[in-house]
Structures are given as structure tokens and as C-alpha cells.
Amino acid sequence: MGIEEYGGGQGPESDVLVVTTNDVPGYRVEKVIGEVFGLTVRSRHIGSQIGAGLKSMIGGELKGLTKTLVETRNQAMERLVEQARARGANGVLAFRFDVTDAQDVGTEVCAYGTAVVLARE
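For clarity, every value in this text was computed on a predicted model and none was experimentally measured. Residue indices follow the written sequence of each chain, beginning from 1 at its first position. Per-residue local features are limited, in this predicted model, to residues with pLDDT of at least 70; the limit for side-chain atom pairs, both in listing and counting, is 80 or more; totals at the level of whole chains, interfaces and linings are taken over all residues. The side-chain figures draw on all heavy atoms in the structure; neither hydrogens nor water molecules are used.

Observations regarding the sheet that holds strand β4 (residues 106-120)
Next, step 1: The pairing criterion for strands is at least two bridges between them, as found by DSSP. Elements are defined by DSSP. Helices are runs of H or I of four residues or more, strands are runs of E of two residues or more, and each kind is numbered from the N terminus. Spatially, the four strands line up as an open sheet ordered β1-β3-β4-β2, and their pairing is mixed. Unpaired on one side and paired on the other, β1 (17-18) and β2 (27-43) mark the two borders of the sheet.
Next, step 2: Sheet analysis places β2 next to β4, joined by 15 bridges and oriented antiparallel. Each bridged residue has a counterpart across the sheet, and for Val-29 the counterpart in β4 is Leu-118.

Concerning the nonpolar core
Next, step 1: Counting residues in hydrophobic clusters, the biggest one holds 16 residues, and the most contacted among them are Val-18, Leu-80, Ala-84 and Val-92.
Next, step 2: Elements that contribute at least two residues to this core include exactly β2, α2 (63-86), β3 (91-101) and β4.
Next, step 3: With five residues, the single largest contributor to this core is α2. The nonpolar core is taken to be a set of buried Ala, Val, Leu, Ile, Met, Phe, Trp, Tyr and Cys residues, with the residues joined through side-chain atoms within 4.5 Å. With a 1.4 Å probe rolled over the protein chains alone, any residue whose accessible area is under 20% of its type maximum counts as buried; one over 50% counts as exposed, and the rest are partly exposed.

Some thoughts on the environment of Lys-67
Next, step 1: Relative to the elements of secondary structure, Lys-67 occurs in helix α2.
Next, step 2: Judged by its relative accessible area of 31%, Lys-67 is partly exposed.
Next, step 3: Sequence-wise, Lys-67 and Gly-7 are 60 residues apart; in three dimensions their C-alpha atoms are separated by 9.1 Å.

Side note on the environment of Arg-28
Next, step 1: Looking at where Arg-28 falls in the secondary structure, it is placed in strand β2.
Next, step 2: Note: C-alpha distance between Arg-28 and Val-117 (89 residues apart in sequence) is 8.6 Å.
Next, step 3: Contact definition: two residues touch when any of their heavy atoms are within 4.5 Å. Ignoring sequence-local partners within four residues, the contact set of Arg-28 consists of Val-117, Leu-118, Ala-119, Arg-120 and Glu-121.
Next, step 4: Here a polar contact means two N or O atoms within 3.5 Å. Within protein one must be a hydrogen donor candidate and the other an acceptor candidate, and residues neighboring in sequence count only if both atoms are side-chain atoms. Looking at Arg-28, its side chain comes within polar contact range of the side chain of Glu-30, at 3.2 Å.
Next, step 5: A distance of 3.1 Å separates the side chain of Arg-28 from the backbone oxygen of Arg-120, its partner in a polar contact.

Re the pattern of salt bridges
Next, step 1: Between Lys or Arg on one side and Asp or Glu on the other, a salt bridge is scored when a side-chain nitrogen of the former is within 4 Å of a carboxyl oxygen of the latter. Tallied over the full model, the rule gives three salt bridges.
Next, step 2: Among the ionic pairs, Arg-85 bridges to Asp-15, the shortest N-O distance being 2.8 Å. With a gap of 70 residues between them, Arg-85 in helix α2 and Asp-15 in the segment before β1 connect regions that are remote in the sequence.
Next, step 3: Arg-42 is paired through a salt bridge with Glu-71; the nearest N and O atoms lie 4.0 Å apart. Of this pair, Arg-42 sits in strand β2 while Glu-71 sits in helix α2, and the two are 29 residues apart along the sequence.

Regarding the pairing of β3
Next, step 1: Two strands pair when backbone bridges link them, and β1 and β3 are joined in this way by two bridges, in the parallel orientation. What sits directly across from Leu-17, in β3, is Gly-91.
Next, step 2: Looking at chain direction, β3 and β4 are connected through nine bridges and run antiparallel. Looking at the pairing, Val-99 lines up with Val-109 of β4.
Next, step 3: Linkage of β3 to β4, two consecutive antiparallel strands, is achieved through a turn of four residues, within which Gln-103 is found at a positive phi near 50°.

This is the structure:
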């Protein structure tokens, strides 16, 4: 797996700026639209579970599960951006992820933040 498969986030061409901060230097918040989120639940693949179980006995990174979680987080973020855009936002402040087990059948990933309209100062 190359480094590009371990990361995520936005590309430079995105029309909705997503940041973990409460403000953006050089911009002012013109309008607060409200909370937006993107949610996805992924089931666990039986093969990766068996491999993870074996790997946990000897130690080391669970690369298959890492890749799946990266893909899942990216999908949740894409859904968050789609929702923000649909509501008229061009920014999301205080962006976060929440990850939980979904009743032992998968992993729930929620990307959330506050949708806003930003303007250059």
C-alpha cells in the first residue's frame, strides 16, 4: 500500500473549505447554516477479520483494516461536503470524526461540523 492509500482530506480544487478550527484566517463568517454530517457504516469482511485475528497474535499493523477505515472516513467526509454544498455553504468549521462500533456488525463513521458561508476579508 502506498502513502496515497493511507491519507484523506480535501484536494485543492474543492469549493467547500473544511477545517478543524473555529475560524479561518483571512475570512469572516457571513452566515452560520448549522450542523452538517456525513455518515457511513461499513461491515467487516470475514477474510480481513480472520487476518486481523492472526496478525493480532504476532503484532503489527492491520493494513487491510487501515485501508478500509481510510476509505470509510473519506466517504463520510465526501457526504458531509455534499450536504454542506446542498445547504448553500462554502465552508465547514470545527470538523471532526466520530467512530463507533455498530452492534458488532461493522464500524460507523460520522464526519460532522458547522456549515457556514465564508467571505474573504
